[in-house]
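Summary of structural features
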Amino acid sequence: CALPFAMIPLAAFLVMAIYRLTHDVVFSVTSAIEHDIAENANFAWSNNMGHKGINDVNSVADFWSWMRLGFMPLVLGPGQQWSYSEQLGDVAPHDFASQVWSPHLDPNVTVPVRGDYLQHSRIIGGIQMFQTRSRTKDCLVMDSYNFAYGNWWQKGCSQNVHPLYVPPQDFHAENNPTMEDMEWLLADEPGNTVLVDKLIDMETGCQQRSDEECLCTSCPRSGDVRRPWLDHETDRVKVRFLVFNPTYGMYVMLSCVFFFPRGGHIWKLMISQGVQMDAYGGSPFSSLAIMSALVLWVLVLAYKFVVEGWEILGIIKQKGARSLWKRYCNAWNLIDWISILGGIPVLVAIANVDSASRDVNQLTRDIVAGSHFSNVEMLNELYTAYDDAAWQCKLQRYFMTVYPIFNMLALFKSFNAQPRTALVTWTLAECATDVAHFGLVLFVIFLTFVVSGVCLFGQDLVYFANFGRAFQTTFVGLLGGLDWGDLEIVGQLPAGLYFWTFNILVIMLLLNMLLAIVMEAYGKVKDKNGEDAETFISQVREIYGRWKHVRKGEMVRLKDVVAAFEEAEVEEPMSEGENPAGDVPRLTRLNTAADVRHDIVRNSKRVVNKQVLEQIMKSVKLPDHQIIEILEGSLGVYHRSYPPQPEWSIAMDKVTAACAKARQVLVKMHARNTKCGQLATLMSCLDHLADLYKDEGIDNQQYEACRAVILRLLDVDCDHRVAVGLKKLVPGATISSLCDYLEC
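Residues numbered from 1 in each chain as written. Predicted model: local features only at pLDDT ≥ 70, side-chain atom pairs only at ≥ 80, totals over all residues. Heavy atoms only, no water.

Looking at the confidence of the model for the protein chain
Selection criterion: In predicted models, pLDDT denotes the confidence assigned by the predictor to each residue on a 0 to 100 scale. Contact between two residues is taken to exist if any of their heavy atoms lie within 4.5 Å; hydrogens are not considered.
Averaged over all residues, the pLDDT of the protein chain is 74; the fraction at 70 or higher stands at 67%. Here residues 665-683 is modelled with pLDDT under 50, and outside its nearest four sequence neighbours on either side it reaches 35 contacts, counting other chains as well. Across residues 692-700 the pLDDT falls below 50, and counting only partners more than four positions away or on other chains, this stretch makes 19 contacts in the model.

Comments concerning the environment of Lys238
Rule in force here: A run of DSSP states H or I qualifies as a helix once it reaches four residues; a run of E qualifies as a strand once it reaches two. Both are numbered from the N-terminal end. The cut-offs for exposure are 20% and 50% of the maximum accessible area for each residue type, with area from a 1.4 Å probe on protein chains only; residues under the lower value are buried, those over the upper are exposed, and the others partly exposed.
The topology assignment puts Lys238 in strand β10 (residues 234-245). With relative accessibility at 5%, the residue Lys238 sits in the buried group. Along the chain, Lys238 and Met179 lie 59 residues apart, while their C-alpha atoms are 9.1 Å from each other.

Thoughts on the pattern of salt bridges
Under the convention used in this document: We define a salt bridge as a contact between a side-chain nitrogen of Lys or Arg and a carboxyl oxygen of Asp or Glu at a distance within 4 Å.
What the rule picks out here adds up to 14 salt bridges. Glu203 is paired through a salt bridge with Arg68; the nearest N and O atoms lie 2.6 Å apart. Of this pair, Glu203 sits in helix α7 (residues 193-204) while Arg68 sits in helix α3 (residues 60-76), placing them 135 residues apart in sequence. Notably, a salt bridge pairs Lys528 with Glu430, separated by 3.9 Å at the nearest N-O pair. Residue Lys528 is found in helix α16 (residues 492-529), and its partner Glu430 is found in helix α13 (residues 423-457); the two are separated by 98 residues along the sequence. Residue classification places Glu430 among the partly exposed residues on the basis of a relative accessible area of 32%. Sharing partners across several salt bridges, the network here consists of Arg133, Asp181, Arg227, Asp231 and Glu233.

So, the packing of aromatic side chains
Note the threshold: Note on aromatic contacts: the rings of Phe and Tyr and the six-membered ring of Trp form a pair at centre separations within 6.5 Å, being stacked when their planes are under 30 degrees apart, edge-to-face when over 60 apart, and tilted otherwise.
Summed over all chains, the structure comprises 25 aromatic pairs. Ring plane angle 75 degrees and centroid distance 5.0 Å describe the contact between Trp184 and Tyr383, whose orientation is recorded as edge-to-face. A residue pair is termed long-range when its members are at least 10 positions apart, and Trp184 in strand β7 (residues 180-186) and Tyr383 in helix α12 (residues 376-415) qualify at 199 residues. Judged by relative accessible area, Tyr383 falls into the buried class, the value being 0%. Clustering of aromatic rings is evident, with ring pairs tying together Phe63, Trp64, Trp66, Phe71, Tyr117, Trp229, Phe241 and Phe258.

Observations regarding the state of the cysteines
Using the following cut-off: Any cysteine sulfur atom paired with another within 2.5 Å is treated as part of a disulfide.
One pass over the structure, following the stated rule, counts two disulfides. Between the sulfur atoms of Cys206 and its disulfide partner Cys214 the distance amounts to 1.7 Å. Taking the sign of the S-S torsion, about 65 degrees here, the bridge from Cys206 to Cys214 comes out right-handed. Cys214 matches Cys206 in its accessibility class, with the two residues each being buried. The disulfide partner of Cys216 is Cys219, and the gap between their sulfur atoms is 1.9 Å. With the S-S dihedral at roughly 110 degrees, the linkage between Cys216 and Cys219 falls on the right-handed side. The exposure classification of Cys216 matches that of Cys219, with both residues buried.

Spelled out as structure tokens, the structure:
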């Protein structure tokens, strides 16, 4: 039952994550905006064709041309995105060319509405621009050359706040180290003339205007002289706008980030982040699915927490807190707690996202209700709240990404309880030592190629430019991801030596040796498991059959069998003869085969009678066929605990044969689904075995009679009443009384 129960939280989490995140909907909006900016925000126009886009911004002049001629008219221009690019007057009547085609469903609505974007979205506020600036300081030259360089260079140097030597990644663009020199291009302006004038003032630093006329409120000053908004101290510039899509109930922020490293090249990144207005506000079906899955998932986590906590409290109550390390702390219990506690960050992230989304909704409602689209303070507050909501959404995705991995570990615990599904974990355990030692050799050789790659390709290929990128690229190369066309840029001879050596030594030899180690361990585990290992279907059938017998009162639940043995352990072993007759020793709770063997050895020198064996049987949390294997291996322990006698050797051989016969009969009984359970049959064998060991001396005739009784019991169709009757027999019952009982 462990595997289905372990699948429930994973299935519930899957439903909740898919319907809550709705990444397909987010992608449809964000990809449309990114595609529009990349393809249509053009500059360097000739007639009706713009020849350059955002990726062609390679200088300060390109940046301002892109802003004036491409980005701002596309995003805020009235009718720009609803009009035609060609001159319709040349091919159509004048009155037709002056009209703007309106696909709106309501003929009373005049489109385009100021702030419309891609027909189905609306810009909130306008375009926000801000930058991060460094500070001018002395250049990094030797002291003896300061004078010479100073006269030649004649200006200071500025270091990036966060130096960037290779192309940036999304996380570089998402964070905002500082937000300096903020400016707004508001969509509420009646036309583009004022916006173009403001961009010109930002580009020139209002050199042609007085302070009263200057539209750039954040342009830096050098004394009484204003400087351009973008200068040599600029570290990065972020240009962004927020849109709301009412069809999908979603906010999307599009940010164009320009990095100005001191190498001279301008790196560009365009990122978009989507935040749902209400994660539970979709269709009734999706809302019900999210809430149902979330409640079910939380209930399962709470149940697992209570069960594990109750087990810990029980151990503390019986044995004290110091016994937890020995009795509870193991790898599987650690995995249980990881799968439980791993859900807490997910729940916290969900609550934070819902709270941040409500804040964005409230601020948007205030701006829209009061028409405060020109209120810069309210817009800044909205954008700050959106940044927090977007960050919380990102954390939610990260935590939701990690949690299924934790739950996967819990599934491996369930897999380990079934012989055929446990092959993976058993194989990993079998080859762990060999893989660790071989992995050390593989890692050292791999690291050698990483360092060689940095030295050979780092100056020419960006993905070998530093150690981290080279490590990732070399690992991809293990899967055949090295591109010869890129490597040969350094020359065919050096690139060929690296490429051939890496492929032959690492991929063809070492990786295949690693696979051979794993496959050898798999073969050993599969051989030990045997071809007749219990299948998942047969185990399900067995569980169902046991459940039916429990319902009919013919069997006792395994939970009750285990609970019957929740008793304290004997602290000090008893010497021979110290235990009075009939006093049953207290045994430990047995969970594994090793525990069973240990307890049998520990108790074999004290007293061996029916009660001891019954208590061992009640304490075992193993399938019955594994119990037989343990008892077969433990017969020799009993034999060595007593003075060797010829009669005992004969008896041991015959009892071992009886156990082998018991194994065969158990398989047949399973196939016939008889009423007699495995435990009942095995207990009957143990009753007779206890009688053998109780006697001071065994006579062969008496043993043969006992053996005949055992075989007779195993050969006949076992009746539930017979099994119950045998369980009630006292240890002192004679062989004749047993025979008489069976004859009846």
